[in-house]
Amino acid sequence: MQQLENFGNLRNKFSSVADFLTIYISEAHPTEQELEWENYNLRQHQSMDEKIEAARVLRKEGKEFLEGCPILVDNIDNEAEKKYSGLPERLYVILDGEIMYAGEMGPFGYSIKEVDQCLSKLELK
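As the structure is a computational prediction, the values presented were derived from the model and not from experiment.

### Overview of the nonpolar core
The biggest cluster of nonpolar side chains holds 22 residues, and the ones touching the most others in it are Phe7, Phe20, Val115 and Leu119. Elements represented by at least two residues in this core include exactly α1 (2-14), α2 (48-62) and α4 (112-124). The contacts of Phe20, once residues within four sequence positions are left out, are Phe7, Leu10, Arg11, Phe14, Ser15, Cys69, Pro70 and Leu119.

Shown next as structure tokens:
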């Protein structure tokens, strides 16, 4: 949840100059993996209905940190996930269709600080 709080703070800081959205992709911690952390009792999606319901769980658990942030749901074939190498999480800054920043794959390469620096530079232009 700390990452969601950091994301929420970043959105608040740059909301006047940038649009933010979240794309819900494959479940990063499905019950099939029997993990003992961050498990919301969600299995890997077998249908779009399951995937949409999982995105609703994200919205609920994200509380104020995702308030007002659109959550898009990747299709069942995971096209956005594959195109942007998003699993389990990844940050991008896109300006006029051009990728200005592509973060490393999360969770260890997930850097709100780097996105903050990129947006700060773009804001000064």
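Moving on, there is more to tell.
### Some details on the layout of surface pockets
Approximately 1600 Å³ is the volume attributed to the largest pocket. Lining the largest pocket are 46 residues; nearest its centre among them are Thr22, Glu89, Arg90, Leu91 and Tyr110. When residues of the lining of the largest pocket are traced back to their parent elements, those giving at least two are α1, β1 (22-24), α2, α3 (79-83), β3 (92-95) and α4.

### Considering the environment of Ile76
Following the sequence through the fold, Ile76 ends up in the loop between β2 (71-73) and α3. Taking the C-alpha atoms as reference points, Ile76 and Asp49, separated by 27 residues in sequence, lie 9.6 Å from one another. When near neighbours in sequence (up to four residues on either side) are disregarded, Ile76 contacts His45, Gln46, Ser47, Met48 and Lys51.

### Notes on the side chain of Ser26
Positionally, Ser26 belongs in the loop between β1 and α2. Within the structure, Ser26 has its side chain in polar contact with the side chain of Asn78 (distance 3.5 Å). Among residues more than four places away in sequence, those in contact with Ser26 are Gln44, His45, Lys51, Asn78, Glu81 and Leu87.

### Let's talk about α1
When the terminal C-alpha atoms of α1 are compared, their 19 Å separation across 13 residues agrees well with the 18 Å that a helix rising 1.5 Å per residue should span. The set of residues buried in α1 consists of Leu4, Phe7, Gly8, Leu10, Arg11 and Phe14. What you see down the axis of α1 is that its buried residues fit within an arc of 160°, all on one side. The secondary structure elements touched by the buried residues of α1 are β1, α2 and α4.

### Some remarks on the side chain of Asn78
Tracing the backbone shows Asn78 in the loop between β2 and α3. Side chain to side chain, Asn78 and Lys51 meet in a polar contact 2.5 Å long.

### Let's talk about the pattern of salt bridges
Applying the stated criterion across every chain, the model contains two salt bridges. Notably, a salt bridge pairs Asp116 with Lys13, separated by 2.9 Å at the nearest N-O pair. Taken as a pair, Asp116 in helix α4 and Lys13 in helix α1 lie far apart in primary sequence, 103 residues in all. For Asp116, a relative accessible area of 19% gives the class buried. For Glu53, the salt bridge is made with Arg56, and the minimal N-O distance between the two is 3.4 Å. Here Glu53 pairs with Arg56, and both are found in helix α2, just three residues apart, close to one helical turn. Residue class for Arg56 comes out exposed when judged on its relative accessible area of 51%.

Calculation rules
- Residues numbered from 1 in each chain as written.
- Predicted model: local features only at pLDDT ≥ 70, side-chain atom pairs only at ≥ 80, totals over all residues.
- Heavy atoms only, no water.
- Core = buried A, V, L, I, M, F, W, Y, C linked by side-chain atoms within 4.5 Å.
- Buried < 20%, exposed > 50% of the residue type's maximum accessible area, 1.4 Å probe, protein only.
- Helix = DSSP H or I, 4+ residues; strand = E, 2+ residues; numbered from the N terminus.
- Contact = heavy atoms within 4.5 Å.
- 1 Å grid on protein atoms, 1.4 Å probe; cavity = no way out; pocket = protein on both sides within 12 Å on 5 of 7 lines; lining within 4 Å.
- Points joined across faces, edges and corners; volume = space filled by probe spheres on them.
- Polar contact = N/O pair within 3.5 Å; in protein donor to acceptor, adjacent residues only side chain to side chain.
- Expected span 1.5 Å × (residues − 1).
- Arc of directions from axis to C-beta.
- Salt bridge = Lys/Arg side-chain N within 4 Å of Asp/Glu carboxyl O.

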